[in-house]
Amino acid sequence: MLVVEGLVKRFGGFTAVGNVSFRVDQGEILGLIGPNGSGKSTIFNMLSGTFAPTAGSIRFEGHELSGLAPHKIINRGIGRTFQIPRPFRRLTIFENVALAGYYGQNRHSEAKAQESAERALAIVGLPTDRKALVDGLGAAGLKKLELAKALATGPKLLLADESLGGLDDKEMDQAADMLRRIRDELGITIIWVEHIMGVLMRVVDRVMVLDHGEKISEGLPSQVASDPRVIEVYLGTDAHATQAAAARK
Ligand SMILES: Nc1ncnc2c1ncn2[C@@H]1O[C@H](COP(=O)(O)OP(=O)(O)O)[C@@H](O)[C@H]1O
Ligand SMILES: [Mg+2]
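Here the structure is a predicted model, which means the values were calculated and not measured. (Residues numbered from 1 in each chain as written. Chains lettered and ligands numbered in written order. Predicted model: local features only at pLDDT ≥ 70, side-chain atom pairs only at ≥ 80, totals over all residues. Heavy atoms only, no water.)

Here the focus is the coordination of the magnesium ion (ligand 2). Six octahedral donors at a metal ideally form angles of 90 or 180 degrees, and four tetrahedral donors ideally form angles of 109.5 degrees. Ser41 (OG) and Gln83 (OE1) make up the full set of protein donors to the magnesium ion (ligand 2), lying at 2.1 to 2.3 Å. Taken as a pair, Ser41 in helix H1 (residues 40–47) and Gln83 in the loop between strand E6 (78–80) and helix H3 (93–102) lie far apart in primary sequence, 42 residues in all. Looking at Ser41, the relative accessible area reads 21%, which means it is partly exposed. Since its relative accessible area comes to 32%, Gln83 is described here as partly exposed. (Donors = N, O, S within 2.8 Å, 3.2 Å for Na, K, Ca; no water. Helix = DSSP H or I, 4+ residues; strand = E, 2+ residues; numbered from the N terminus. Buried < 20%, exposed > 50% of the residue type's maximum accessible area, 1.4 Å probe, protein only.)

Once that is clear, we can look at the packing of helix H5 (residues 139–152) against helix H6 (residues 169–186). Two quantities define a packed helix pair, namely the angle between the axes and the distance from one axis to the other. Contact geometry for H5 and H6: axes closest at 11 Å, N-to-C directions at 10°. Taken as axis vectors, H5 and H6 run roughly parallel relative to one another. Contact residues: Ala140, Lys144, Leu147 and Leu151 in H5; Glu171, Met178, Leu179 and Ile182 in H6. Counted by class, the contact of H5 with H6 contains six nonpolar, no polar and two charged residues. (Axes fitted to C-alpha atoms, helices over the stretch in contact; angles between N-to-C directions. Parallel < 35°, antiparallel > 145°, perpendicular 65-115°, else oblique. Contact = heavy atoms within 4.5 Å. Nonpolar A, V, L, I, M, F, W, Y, C, P; charged D, E, K, R; others polar.)

Looking at ligand 1, the residues that line it are Phe11, Phe14, Ala16, Pro35, Asn36, Gly37, Ser38, Gly39, Lys40, Ser41, Thr42 and Phe51. Here an oxygen atom of ligand 1 and a backbone polar atom of Gly39 are 3.0 Å apart. In the environment of ligand 1, an oxygen atom lies 2.9 Å from a nitrogen or oxygen atom belonging to the backbone of Ser41. Burial of ligand 1 by the surrounding chains reaches 63%, relative to a free accessible area of 560 Å². (Near = heavy atom within 4 Å. Polar contact = N/O pair within 3.5 Å; in protein donor to acceptor, adjacent residues only side chain to side chain. Areas by Shrake-Rupley, 256 points an atom, 1.4 Å probe, with all protein chains shown as cover.)

Attention now moves to the domain arrangement of the protein chain. Interface size is commonly expressed as the accessible area that is lost once the parts come together. As assigned here, the protein chain comprises domain 1 (29–52 + 67–77 + 156–249) and domain 2 (86–154). Taken together, the contact pairs 18 residues of domain 1 with 15 residues of domain 2. Looking at the side of domain 1 facing domain 2, the largest losses of area belong to Ile74, Asn75 and Met178, adding up to 37% of the total buried there. In this structure, the connection of domain 1 to domain 2 is made through two residue pairs in polar contact (both at pLDDT 80 or more). Elements with a minimum of two residues in the side of domain 1 that touches domain 2: helix H2 (70–76), strand E7 (157–161) and H6. Tallying contributions element by element places H6 first for the side of domain 1 that touches domain 2, with six residues. Looking at the side of domain 1 that touches domain 2 residue by residue, the classes come out as eight nonpolar, five polar and five charged. (Domains from an automatic or database assignment. Buried area = accessible area lost by both parts, 1.4 Å probe.)

Attention shifts here to helix H4 (residues 110–124). Three- or four-residue spacings in an α-helix give side chains the same orientation, since the helix completes a turn every 3.6 residues. Along its 15 residues, H4 runs 21 Å from first to last C-alpha, staying within 8% of the 21 Å computed at 1.5 Å per residue. Buried residues belonging to H4 abut H3, H5 and H6. Two residues or fewer past H4, Gly125 is found with a positive phi of approximately 80°. (Expected span 1.5 Å × (residues − 1).)

A separate point is the sheet that holds strand E10 (residues 214–219). Taking strand neighbours across the sheet as the criterion, the six strands line up as E6-E7-E8-E3-E9-E10 in an open arrangement whose pairing is mixed. With one partner strand each, in any of the chains shown, E6 and E10 form the two edges of the open sheet. Neighbour-to-neighbour, the strand axes of the sheet open up by a mean angle of 20°, direction not taken into account. One ladder, built from five bridges, connects E7 with strand E8 (residues 189–194); its direction is parallel. By the bridge assignment, Leu159 is partnered in E8 with Ile191. The strands that H6 touches are strand E3 (29–33), E7 and E8; relative to E8, the one it contacts most, it runs at about 160°. (Pairing = 2+ DSSP bridges.)

Inspection of every chain in the model, using the stated rule, returns twelve salt bridges. Glu146 is the salt-bridge partner of Lys149, the closest N and O atoms lying 3.5 Å from each other. One end of the pair is Lys149 and the other is Glu146, both in helix H5 and three residues apart, which spans about a single turn. A single burial state applies to Lys149 and to Glu146, both of which are buried. For Asp205, the salt bridge goes to Arg183, with nearest N and O atoms at 2.9 Å. In this pair, Asp205 is assigned in the loop between helix H7 (200–203) and strand E9 (206–211) and Arg183 in helix H6, connecting sequence segments 22 residues apart. (Salt bridge = Lys/Arg side-chain N within 4 Å of Asp/Glu carboxyl O.)

Written as structure tokens, this is what we have:
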């Protein structure tokens, strides 16, 4: 479905992503992990057209995407969330999601954009009533709103950036289950970025690990969790070591 070859992003003299290649098959959940600053969001920014790659190719369903504007990429069927939710706080939850729907597959129909918003809100478990305000949402609610906005665009491939950030253990489990349901019930292929391993490892089909902009490991969760290069990177902090140990069980 997605074939990425030799992807590079430089900011001035600094290489944020250096020569990364990978593919994602239809129906898969690919986990993309790596420490903070390893280039994960930069890869998403190139896949979604926010940044043009310095080099490399991104082919989605056989068509080259690099160089396309973000709204054209959304219309090809790639939706994304942002690591830091920045909703329009003066619009309702419903309006935020319906607005995202206009940028997706339903841009020519107000009624369809609203239907897609209702469906997306129901899937993530946010209120579908049209008056609910963004201000009432905590960290978990804002993450759900990010997912609902991405879903309302009608993606075939969903790019989920740090869906667990700021959540407690129970909320993390719920978020992981939600991503799995989005794949299982809606048939949406997913690339899921996190800097921690944690619950991601029990939901994804395959994992790819970045460090300093380079791919250092790739494979089944159990293989990656016991890869010495990955353990070395994740042993940097006690929390990471604990997660790596838990993921290996
Ligand atoms: N727009 C930008 N300009 C300059 N440097 C950037 C920009 N975006 C990201 N970077 C740098 O690229 C590196 C990778 O960042 P990022 O992809 O956001 O990492 P993460 O893996 O945490 O998502 C970091 O060192 C970051 O500071
Ligand atoms: Mg990031």
